[in-house]
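# Structural features, examined
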Amino acid sequence: MEINHKNYSHFSFDLWLTLIKSNPEFKIKRNLLFRDFFTIDCPIEKVTTIVRYYDVLCNNINEKTGLNFETCEIYYLILSALNVKINEIDTEQLNLFYAETELLFLKYKPQLLFPNIQSLFKEITAQEKTINILSNTAFIKGSTLRKIISYYELSNFFKFQFYSDEVGFSKPNPKIFQLVFDQINNFKPLQKKEVLHIGDNIVSDYNGAISFGFDAHLLNV
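Cut-off values and rules
Residues numbered from 1 in each chain as written. Predicted model: local features only at pLDDT ≥ 70, side-chain atom pairs only at ≥ 80, totals over all residues. Heavy atoms only, no water. Phe/Tyr/Trp six-rings, centres within 6.5 Å; stacked < 30°, edge-to-face > 60°. Helix = DSSP H or I, 4+ residues; strand = E, 2+ residues; numbered from the N terminus. Buried < 20%, exposed > 50% of the residue type's maximum accessible area, 1.4 Å probe, protein only. Salt bridge = Lys/Arg side-chain N within 4 Å of Asp/Glu carboxyl O.

### Here we look at the packing of aromatic side chains
Tallying each qualifying case throughout the model produces 23 aromatic pairs. With a centroid separation of 6.0 Å and an interplanar angle of 65 degrees, the aromatic rings of Phe181 and Phe214 are classed as edge-to-face. One end of the pair, Phe181, is in helix H8 (residues 174–187); the other, Phe214, is in the loop between helix H9 (202–212) and strand S7 (215–218), with 33 residues separating them in the sequence. Assessed through its relative accessible area of 12%, Phe181 is described here as buried.

### Overview of the pattern of salt bridges
Counting across every chain of the model gives seven salt bridges. One salt bridge connects Asp215 with Lys193, and the closest N-O pair in it is separated by 2.9 Å. Of the two residues, Asp215 sits in strand S7 while Lys193 sits in the loop between H8 and strand S6 (195–199), which places them 22 residues apart along the sequence. Three or more residues joined by partner-sharing salt bridges are found here, namely Asp14, Lys171 and Asp205.

Quick look at the structure:
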């Protein structure tokens, strides 16, 4: 990853398709788990199609509203579309399913997009500049993503990590960028133009950051 970091004092990074990408095995096995856990009587191809549909839909809605669909809410939408009686499924069952999903996720871990990312982070922090993560979430919660960050030994590079399921807002909502700016100013006063947000999504990352007053770098991977 090449970014111009000379003109900035703080760097905000998106996570998915900016720092990490999904393990191709994970989604296949997650969809099989979904079908089997909830005893859904239909071909796995249909489950895969429905899961993908609501993944994209909920992400688009989050971008439009700036709010956050909870993981359990997405599960209920998928189950309903697969003709499961959702009044018979309580949140405890959904939480159990998520726990099993997390185990799968940690077994089939996402991969670093840039194996040398530690070198960039070391270069930035050696100049007494600071870094954060700002990521929208859907099926995978922030608490689980923190475990991945730790696994790749990146945690110590970040002053803080914000995930939409934890704060209740999604990019490009200016409120989530304001949370970042406020947090930065808790440890060093900066102007907005001293902050660069890096991400792969033109709507949530680039336009959202620019509209708020940060600079932005659109990553094409």
